[in-house]
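Observations on chain architecture
Listed below are the residues making up each chain.
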Amino acid sequence: MSKMHVKLKVNGQEVEGLAEPRTLLIHFLRENLRITGPHIGCETSHCGACTVDMNGKSVKSCTVFVAQANGADVTTVEGLVNADGSLGVIQEMFREHHGLQCGFCTPGMITRAHRLLQENPSPTEEEVRFGMAGNLCRCTGYQNIVKAILASADLLKGQKEAAE
Amino acid sequence: MIPAGFEYHRPADIRSAISILQEHGDAARVIAGGHSLIPMMKLRMTDIGHLVDLQAIGELKGVEVGAEKVTLGAMTTQAELIGNAALGAKIPLLREAALQIADPQVRYVGTVGGNVANGDPGNDMPGLMQCLDATYTLVGPDGTRDVAARDFYEAAYFTARGDEEILTRITIPVPAMKGYAYEKQKRKIGDYATAAAAVLVGGGKASVAMTNLSDTPIWSEAAGAALAKGDVEGCVAAAMGAIAPSEDMRGPIAFKKHVAEVILRRAIAKAQERAK
Ligand SMILES: Cc1cc2nc3c(=O)[nH]c(=O)nc-3n(C[C@H](O)[C@H](O)[C@H](O)COP(=O)(O)OP(=O)(O)OC[C@H]3O[C@@H](n4cnc5c(N)ncnc54)[C@H](O)[C@@H]3O)c2cc1C
């Protein structure tokens, strides 16, 4: 099959490449662009380790063809750092609250949590659990992940109020 | 888990999409959210030479909420459906069911049209649309036709849709029945139903449909007629007589029948309570 020319925005930068249409977005990110934050976990659309933000939606990049993503605006966990390169709020809260152990699910968790908090800046614990249901973690038992996200919500609100 | 190669098309209107389907016949397939199709392609269970992406077709988008009916464009995602407050107020059953489909990531991209067109007995929307007496609009090379959801499903993955037709819209009459419930038993978040039931009841009317308990969704006219008269036992007996579950990794037949009855009774009780 012939390759197609794809062009997308990843973490704010225009990127281009040649890829077969059947290439999955996760493979394009990791292998063509060397953006290895998003992980390949189950490869069957269940675990959420490959979650990226695409056009303002959390998607499992193992279940998107690069052809479908052509022209899209994609953010990965790498794009969620502060302008000076330090950890962003959600990343920092995962560290502080021990929201990870082995770390494999973490990029997907953080990227999903980012979109969740964009849509619902003051979630209840139940809303966090419901909103994070597409991401699996086999280490933490989720408790500290939920704590980290609730703490991020408080911090982000504080930052927003301070800015206003 | 790499699917076989294909040519990719992204037409901007329905006409062009249909002409690609006509040109390539069996070898072409449309893709909406891709969250049923791509997993199948990865398993190499379908062979597709030409993939026709519907994402750029504006005519397939949009939700219209009228006094007597609502219309959903086929490319409406589950997340858009859930987020539409006017729709949620008009037909709360739709939202209640959509919230029980898959997980947030899947609901952002999975479309209502893909869910009903797929023909997988595990999909939740087909039974729901039968309960609501929805109508599907299909556009093909020979024009436009409407098919009732209750007449659409023939067998697992076989529907009344022709290979060169695209499902464009779903029209749902606003139910007169005030009581509603969608109840679903699943092994974990993101799983398909072991059993699910959609119930509408109120004002001397009722409608009952069940999911993943046969190779098509099951809408039972007799179950609805019994429930309309307030005969819960008659309703359950009729619905249980209409299902035909098979054994799979979700359990043996006896277990599925047990779960089906529990779920149906819960849905009936909840719907009756809400009808008051
Ligand atoms: C982890 C996971 C869990 C899931 N859990 C559930 C669940 O609990 N309940 C549930 O109902 N679903 C579930 N799904 C399936 C999901 O809801 C799919 O998104 C949905 O079944 C199909 O919609 P789609 O837009 O992704 O369609 P696609 O995958 O793009 O298409 C599905 C089929 O429909 C055809 N098609 C699509 N759109 C049209 C159209 N407009 N006209 C004609 N044909 C069309 C395609 O050719 C294809 O054959 C799950 C999926 C995953 C990955």
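Model, not experiment: these values are computed from the prediction. Per chain, residues are indexed from 1 in the order of the written sequence. Ligands are numbered from 1 and chains lettered from A, in the order in which they are written. Whole-chain, interface and lining totals are the exception, using all residues; otherwise, since this is a predicted model, local features are given only for residues with pLDDT of at least 70 and side-chain atom pairs are given and counted only at 80 or more. With hydrogens and water set aside, each side-chain value is computed from the structure's full complement of heavy atoms.

It is worth spelling out the nonpolar core at this point. Ranked by internal contacts, the top residues of the largest apolar core, which has 40 residues, are Leu94, Met129, Ile170 and Ile172 of chain B. Look past the residues within four positions of methionine 129 of chain B in its chain and what remains in contact with it is Leu72, Leu94, Val112, Val116, Ala134, Tyr136, Ala149, Ile170 and Ile172 of chain B. We call a set of buried residues a nonpolar core when its members are Ala, Val, Leu, Ile, Met, Phe, Trp, Tyr or Cys and they connect through side-chain atoms within 4.5 Å of each other. Think of it in three bands: with a 1.4 Å probe and only protein chains considered, a residue is buried below 20% of the maximum accessible area for its type, exposed above 50%, and partly exposed in between. Residue contacts follow a heavy-atom distance rule, with two residues in contact if any of their heavy atoms lie within 4.5 Å.

Residues and elements named next belong to chain B. Salt bridge criterion: a side-chain nitrogen from Lys or Arg within 4 Å of a carboxyl oxygen from Asp or Glu. Tallying each qualifying case throughout the model produces 18 salt bridges over all chains. A salt bridge links arginine 169 to glutamate 64; the shortest N-O distance between them is 3.4 Å. You can see arginine 169 sitting in strand β10 (residues 166–173) and its partner glutamate 64 sitting in strand β4 (residues 63–65), a full 105 residues away along the chain. With a relative accessible area of 45%, glutamate 64 lands in the partly exposed category. A salt bridge links arginine 145 to glutamate 165, with the shortest nitrogen-to-oxygen separation between them at 2.8 Å. With arginine 145 in strand β7 (residues 143–148) and glutamate 165 in the loop between β9 (158–159) and β10, this pair connects stretches of sequence that are 20 residues apart. By relative accessible area, arginine 145 is classed as partly exposed at 35%. Note on conventions: DSSP H or I runs of at least 4 residues are helices, E runs of at least 2 residues are strands, and numbering of each starts at the N terminus.

With that settled, consider the sheet that holds strand β3 (residues 50–53) of chain B. Residues and elements named next belong to chain B. By definition, two strands form a pair when at least two bridges between them are found by DSSP. The 3 strands lie next to each other as β1-β3-β2, forming an open sheet whose pairing is parallel. Of all the strands in the sheet, the pair left with one neighbour each is β1 (7–9) and β2 (28–31). Pairs of neighbouring strands in the sheet enclose a mean axial angle of 25 degrees, with direction left out of account. In the sheet, β2 pairs with β3 via 4 bridges, with the strands oriented parallel. Each bridged residue has a counterpart across the sheet, and for valine 30 the counterpart in β3 is valine 52. Packing against the sheet, helix α1 (residues 14–24) makes contact with β1, β2 and β3, and its axis sits at approximately 150 degrees to β2. To get an axis, a line is fitted to the C-alpha atoms, and for a helix only the part in contact is used. The angle between two axes follows their N-to-C directions and goes from 0 to 180 degrees.

All names here are of chain B. Pairs were defined over the aromatic rings of Phe, Tyr and Trp, the Trp ring being its six-membered one, requiring ring centres within 6.5 Å. Orientation was assigned from the angle between planes: stacked under 30 degrees, edge-to-face over 60, tilted for the rest. Scanning the model with the defined rule gives 4 aromatic pairs over all chains in all. Aromatic side chains tyrosine 136 and tyrosine 153 sit 6.4 Å apart centroid to centroid with 85 degrees between the ring planes, which places their arrangement in the edge-to-face category. On the criterion of sequence distance, the pair formed by tyrosine 136 in strand β6 (residues 135–140) and tyrosine 153 in strand β8 (residues 153–155) is long-range, its members being 17 residues apart. Ring centres 5.0 Å apart and planes at 80 degrees place the aromatic pair phenylalanine 152 and tyrosine 153 in the edge-to-face group. Residue phenylalanine 152 shares its accessibility class with tyrosine 153, and that shared class is buried.

Let us look at the sheet that holds strand β13 (residues 205–211) of chain B. All names here are of chain B. Strand order in this open sheet of 4 strands is β11-β12-β13-β14, and the pairing throughout is antiparallel. Looking at strand neighbours, the two that pair on one side only are β11 (179–185) and β14 (218–219), the edges of this open sheet. The pairing of β13 with β14 spans 2 bridges and is antiparallel. For alanine 209, the partnering residue across the bridge sits in β14 and is tryptophan 219. Along the sheet face, helix α10 (residues 221–228) touches β12 (195–202), β13 and β14 and points at about 140 degrees away from the line of β13.

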